[in-house]
Structures are given as C-alpha cells and as structure tokens.
Amino acid sequence: MEPQKAQGGIELPQATMDVSHAWKGATDFFCLGGRAPSDTWVQDTLRLQPHVRLHAVDRGVAICRRLHLVPDFLIGDADSATNEDWAWGEVHARRVERHPVKKDLTDTQLALMYENEVTPCGRFLLTGAFGGRFDHAFSTIFSGAYTQTFCVLSDERETVAYLKDDEWMTIHCQAIPKAISLLPLTSEVTGVTTDGLYWSLKNATLLQELPTAVSNVLNAGTSTFTISIQKGTLAIYICWDER
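Summary of the structure given here.

Focus: unusual backbone geometry
- At Asp-58, a position not held by glycine, the phi torsion is positive, near 50°.
- As for its position among the elements, Asp-58 is in the loop between strand S4 (52–57) and helix H2 (61–67).
- Overall, the relative accessible area of 2% leaves Asp-58 in the buried class.
- Positive phi, close to 55°, is recorded for His-68, a residue that is not glycine.
- With respect to the element layout, His-68 can be found in the loop between H2 and strand S5 (73–76).

Below, the structure is given as structure tokens:
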C-alpha cells in the first residue's frame, strides 16, 4: 500500500514525513556544498515537490549546473565554487548575491535567514549538507534546527528532521533505514514518545550531555514510525546507507 502524501511535511524518494503543524506553500530546495547527492535522488526529489524554489549556495551551484537546473537564487562568497560553476550561476540564476569571504555568517546561514524572512511558513529541504568538514555539518544541523520553517536535511544516504515543543512526526519509509537516532539539540528534550521502533520510549527525557537514543531500528514488519515530544528541540537522524 502506498504511503499517504505528507499533508504538512515533505516527501522524499525514501520516505514521506507527516508533521503536526500544517506547513504550506512552496518547498525551498537548497543545494549546499557538502557531499553531493546522486543525480537520480535530486531529480526524483524535485518531482515529488508540488512547487519548488531552487537555491544554489556557493559550491552547491555545481549540482545545479551538472543537472541543468536554473537556480532562483545564487548566494555565497564564491570561495568554494569553481570559477566556471560560479560564472555559470551568475549567468543563469534569476537572482545573485555575492558576499565577502570575511563575514560572521556562513553561506548557508545567509541563505536560510533570507528565506525565513520571505517564506516563514514554507518548507526547507537542504541537500549537500553532509560529508566534508565536520564544523560545516555541525553549523548546518544547528542552523536548520532553529529556522522558523519546517526544515529537513537529506540526500539518498542520510536524513535529519526536527521536532520542537509539542510537535509530532510520522515517517512512512519506502526504504528500510539502517539506523534511526534521536539526538537532543537542547540540553534536554522531555516527553519523548515513540511508536513503531524496536526500542520504544514513553514520556522519556533525553539529555544532550549523554545521547543514548542512537542506532534504533523499525519494529519487524512495519515501515512507519511516529515520534512526539513535549519540550525541547530534537533531531531525528535516519541512516539509509552507510557507504
């Protein structure tokens, strides 16, 4: 049986995410400069979105150029993009913002801040967020957690989604995850309850100083799981492929 399409969440090739808050509007799809997703994953993901605004963030413009995808917005300091990729973006993107290399915010933070002001009730989907330097991935994971907008980081190998105060999420998996981990991004996350996972939680408290809810798996025979929290900010990490 086909899983339901997300009402307020987002649909990926490997999973559909339904969330408690009815986020509406376009999907802002950000191509970042970390590990590049597969071409097939990008194409399949874009087809699943009802309406997409495409953002190339510095070296992420290479993804757009390779797949002949015209960015609505190119932003960054051009310190990691090749000269050829950035020049292509300047010619083709509908809007371009080039920032100084010496600045307080990362290119990704600038892109998220801009779109938060434009579409605070939409959906953010970031790819190219994993791999590469750990400090960049760390910054992106926390920056995504504290946007005003429903935000997911994903490629074909890994996914991160977030829950905040009194939210729940149901994830319908088209592919079976290798691991599912619950990572507190605040000092503690309270009222954590799960359904559909092998190691279940009921009204649990997870501590950032000692993350213990890692490497869970789906219950045998199920492809759907639900997580809810009462207070805090929780990252739901899903590993699809450990290569």
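After that view of the structure, there is still more to cover.
Quick look at the sheet that holds strand S1 (residues 10–11)
- Strand order in the open sheet made by the 6 strands is S1-S2-S10-S14-S12-S13, with antiparallel pairing throughout. Edge positions in the sheet fall to S1 and strand S13 (204–207), since each has one partner strand and no second.
- The sheet contact formed by strand S12 (residues 188–195) and strand S14 (residues 224–228) spans 3 bridges and is antiparallel. Bridging from a neighbouring strand, Asp-195 pairs with Thr-226 of S14.

Description of the sheet that holds strand S11 (residues 179–184)
- What the 9 strands build is an open sheet, ordered S6-S5-S4-S3-S7-S8-S9-S15-S11; its pairing is mixed. Every interior strand has two partners, whereas the edge strands, strand S6 (96–98) and S11, have only one. On average, each strand axis in the sheet is inclined to that of its neighbour by 20°, with strand direction left out of account.
- Bridge count for strand S3 (residues 27–31) against strand S7 (residues 123–127) is 5 bridges, and the pairing is parallel. Note that in S7 the partner of Asp-28 across the bridge is Phe-124.

Rules behind the numbers
Residues numbered from 1 in each chain as written. Predicted model: local features only at pLDDT ≥ 70, side-chain atom pairs only at ≥ 80, totals over all residues. Heavy atoms only, no water. Helix = DSSP H or I, 4+ residues; strand = E, 2+ residues; numbered from the N terminus. Buried < 20%, exposed > 50% of the residue type's maximum accessible area, 1.4 Å probe, protein only. Pairing = 2+ DSSP bridges. Axes fitted to C-alpha atoms, helices over the stretch in contact; angles between N-to-C directions.

These values are about where atoms sit, not about what they do.
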